[in-house]
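Fold and geometry: a report
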Amino acid sequence: MDCTKCDREAVLHAAYSGAHLCEHHLRASVEKRVRRRIREDGLIGDDATPQDPETWLLGLSGGKDSVVLGSILTETFVEDPRIELVALTIHEGIEGYRDESLDAASAFADDHGIPHEVVTYADEFDLEMDRVVEKDPENMAACAYCGVFRRELLAEYADAYGADKLLTGHNLDDEAQTAMMNVLEGDVAQMAKHFDASLGPFPERTNTTEFVPRAKPLRDVPEKEVALYAHLADLPVHMAECPHSSEAYRGEIQQLLFDLEENHPGTRHSIMAGYEEFAKLAAEAYRGDGPDLGECERCGGTTTREICRSCQLTEAVHAA
């Protein structure tokens with residue numbers, strides 16, 4: 001069927017909207033949604049000026065999501081002196097996987113003139129994920145370890161760069177899965193934290209200076225459309241999945257949402273619309289009820305414990 005906006009051949013049928021989009025209008029649609037999310041979330045601070053610009057740190061893995069987000073951001077703000085974009089790639093130490101995605105990230109950063117830094121688990125924690133998976137001292141999924149280490153480094157380097165915002169390439173599928181997991185686990189406190197950490201518009205979040213605030217401008221775009229955008233734009237992307245990505249519960253939720261979306265198009269959008277409203281109410285109710293933040297005795301990072309989770313896991317792996 002032809003594109004609903006022109007006479008070109010469609011490359012995508014978006015069942016949730018009924019649209020059949022050609023290459024041109026698909027790319028325009030993705031870009032429009034990202035830019036709208038930037039506006040609606042109030043990412044650009046009122047005090048950002050050419051003389052005192054904001055620094056946005058992009059977590060650039062080299063995968064489709066972060067590269068597509070980086071491409072749209074650079075095109076959007078190439079002539080806007082209020083925004084300075086820098087990129088950080090984290091090498092976890094996964095043989096046969098991260099080296100290729102690092103090549104893609106470096107190629108993208110070079111092509112777009114983005115300052116780019118690479119940090120490694122080996123240098124930062126004296127370990128690699130292949131070793132962590134082999135030892136597994138806490139009997140956890142690989143993603144549980146990696147998520148802790150990755151969050152630690154993103155927060156550390158966002159602070160080191162003096163970043164005003166930390167941007168990640170989470171898409172609609174990612175966020176809908178997280179929302180469903182929080183709901184099914186009955187974790188209202190986590191919903192509240194989710195809203196204030198990365199989901200709510202900046203003017204509606206709690207005022208906090210402990211962490212560089214996060215943003216997810218790609219979260220309105222389904223994963224399939226992100227992948228197709230990357231292909232059509234001929235972006236340098238590493239499409240392989242991490243060999244250690246075996247979160248069983250998230251995988252079940254992913255399949256559940258896939259089936260629901262197939263039978264009831266628009267399910268992911270509906271979940272996120274309701275979840276964001278609920279998370280906002282939870283945030284308003286739970287603010288001020290959590291434990292006090294302090295400094296980790298080992299690394300000095302922000303934590304609610306004497307020793308942060310990252311240091312605990314690092315020590316457990318080394319002791320195994």
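The structure contained in this document is the topic of the report that follows. (Residues numbered from 1 in each chain as written. Predicted model: local features only at pLDDT ≥ 70, side-chain atom pairs only at ≥ 80, totals over all residues. Heavy atoms only, no water.)

Examining the nonpolar core
Counting 39 residues, the largest nonpolar core has Trp56, Leu60, Val68, Leu73 and Leu167 as its most contacted members. Secondary structure elements with two or more residues in this core: strand S1 (12-14), strand S2 (19-21), helix H1 (23-40), strand S3 (54-59), helix H2 (64-77), strand S4 (83-91), helix H3 (98-112) and helix H9 (223-232). Element by element, the count of residues in this core is highest for H2, at six residues. The contacts of Leu60, once residues within four sequence positions are left out, are Ser66, Val67, Ala87, Leu88, Thr89, Ala105, Phe108, Ala109 and His116. Ranked by size, the runner-up nonpolar core spans 26 residues in total, among them Cys146, Val148, Phe149 and Leu153. (Core = buried A, V, L, I, M, F, W, Y, C linked by side-chain atoms within 4.5 Å. Buried < 20%, exposed > 50% of the residue type's maximum accessible area, 1.4 Å probe, protein only. Helix = DSSP H or I, 4+ residues; strand = E, 2+ residues; numbered from the N terminus. Contact = heavy atoms within 4.5 Å.)

A few points about the sheet that holds strand S5 (residues 116-120)
Read across the open sheet, the five strands follow the order S5-S4-S3-S6-S7; overall the sheet is parallel. In the strand order of this sheet, the two ends are held by S5 and strand S7 (214-215), each with one partner. Pairing of S3 with strand S6 (residues 165-167) involves three bridges; the strand directions are parallel. Within S6, the residue paired with Trp56 across the bridge is Lys165. Lying over the sheet, helix H6 (residues 142-160) contacts S3, S4, S5, S6 and S7, oriented at roughly 145° with respect to S4. (Pairing = 2+ DSSP bridges. Axes fitted to C-alpha atoms, helices over the stretch in contact; angles between N-to-C directions.)

Observations concerning the pattern of salt bridges
Overall, the coordinates contain 20 salt bridges when judged by the stated rule. A salt bridge links Lys64 to Glu223; the nearest nitrogen and oxygen atoms lie 2.9 Å apart. Of this pair, Lys64 sits in helix H2 while Glu223 sits in helix H9, placing them 159 residues apart in sequence. Among the residues examined, Lys64 registers a relative accessible area of 12% and is labelled buried. Note that Arg287 and Asp196 form a salt bridge whose closest N and O atoms lie 2.6 Å from each other. (Salt bridge = Lys/Arg side-chain N within 4 Å of Asp/Glu carboxyl O.)

A word on helix H10 (residues 248-263)
The terminal C-alpha atoms of H10 lie 23 Å apart, and with 16 residues this matches the ideal 22 Å at 1.5 Å per residue to within 8%. All buried positions along H10 are accounted for by Ile253, Leu257 and Glu261. Axial view of H10: buried residues confined to an arc of 70°, hence all on one face. What points out from H10, more than 90 degrees from its buried face, is the exposed set Ala248, Glu252, Glu262 and Asn263. Where H10 is buried, its residues meet helix H7 (172-184) and helix H11 (267-286). (Expected span 1.5 Å × (residues − 1). Arc of directions from axis to C-beta.)

Here's the deal with the pairing of S5
As paired strands, S4 and S5 are joined by five bridges and run parallel to one another. Within the sheet, the bridge partner assigned to His91 lies in S5 and is Thr120. Taken together, S4, H3 and S5 form a β-α-β motif whose crossover is right-handed. (Right-handed = clockwise from strand over helix to strand, strands pointing away.)

Quick notes on the packing of aromatic side chains
Note on aromatic pairs: each is described by the distance of the centres and the angle between the planes. If you walk through the whole model with that rule in mind, you get four aromatic pairs. Residues Tyr121 and Phe125 carry aromatic rings whose centres are separated by 5.7 Å and whose planes lie at 70° to one another, so their mutual orientation is edge-to-face. With a gap of four residues between them, Tyr121 and Phe125 both fall in helix H4 (residues 121-125), about one helical turn apart. For the pair Tyr121 and Phe125, one class covers both residues: buried. (Phe/Tyr/Trp six-rings, centres within 6.5 Å; stacked < 30°, edge-to-face > 60°.)

Comments concerning the side chain of Arg98
Its place among the elements puts Arg98 in helix H3. Its relative accessible area of 4% is what places Arg98 among the buried residues. Among the polar contacts listed, one links the side chain of Arg98 to the side chain of Ser101, at a separation of 2.6 Å. Setting aside its immediate chain neighbours within four residues, Arg98 contacts Ser61, Ile90, His91, Glu92 and Arg150. (Polar contact = N/O pair within 3.5 Å; in protein donor to acceptor, adjacent residues only side chain to side chain.)

Side note on the pairing of S3
Counted residue by residue, S3 has six buried out of six residues, so it is predominantly covered. Burial of the side chains of S3 extends over both faces: Glu54, Trp56 and Leu58 are buried on one face and Thr55, Leu57 and Gly59 on the other. The pairing of S3 with S4 spans six bridges and is parallel. Note on S4: the bridge partner recorded for Leu57 is Val86. Handedness of the crossover joining S3 and S4 through H2: right-handed.

Observations concerning a negative patch on the surface
On the surface, Asp46, Asp47, Asp52 and Asp164 cluster together to form a negatively charged patch. Tracing the backbone shows Asp52 in the loop between H1 and S3. (Patch = residues over 30% accessible without salt bridge, like charges linked within 9 Å, V, L, I, M, F, W, Y side chains within 5 Å. Areas by Shrake-Rupley, 256 points an atom, 1.4 Å probe, with all protein chains shown as cover. Lys, Arg positive; Asp, Glu negative; His and termini not counted. Charge placed at Lys NZ, Arg CZ, Asp CG, Glu CD.)

No statement about biological role is implied by the geometric values presented.
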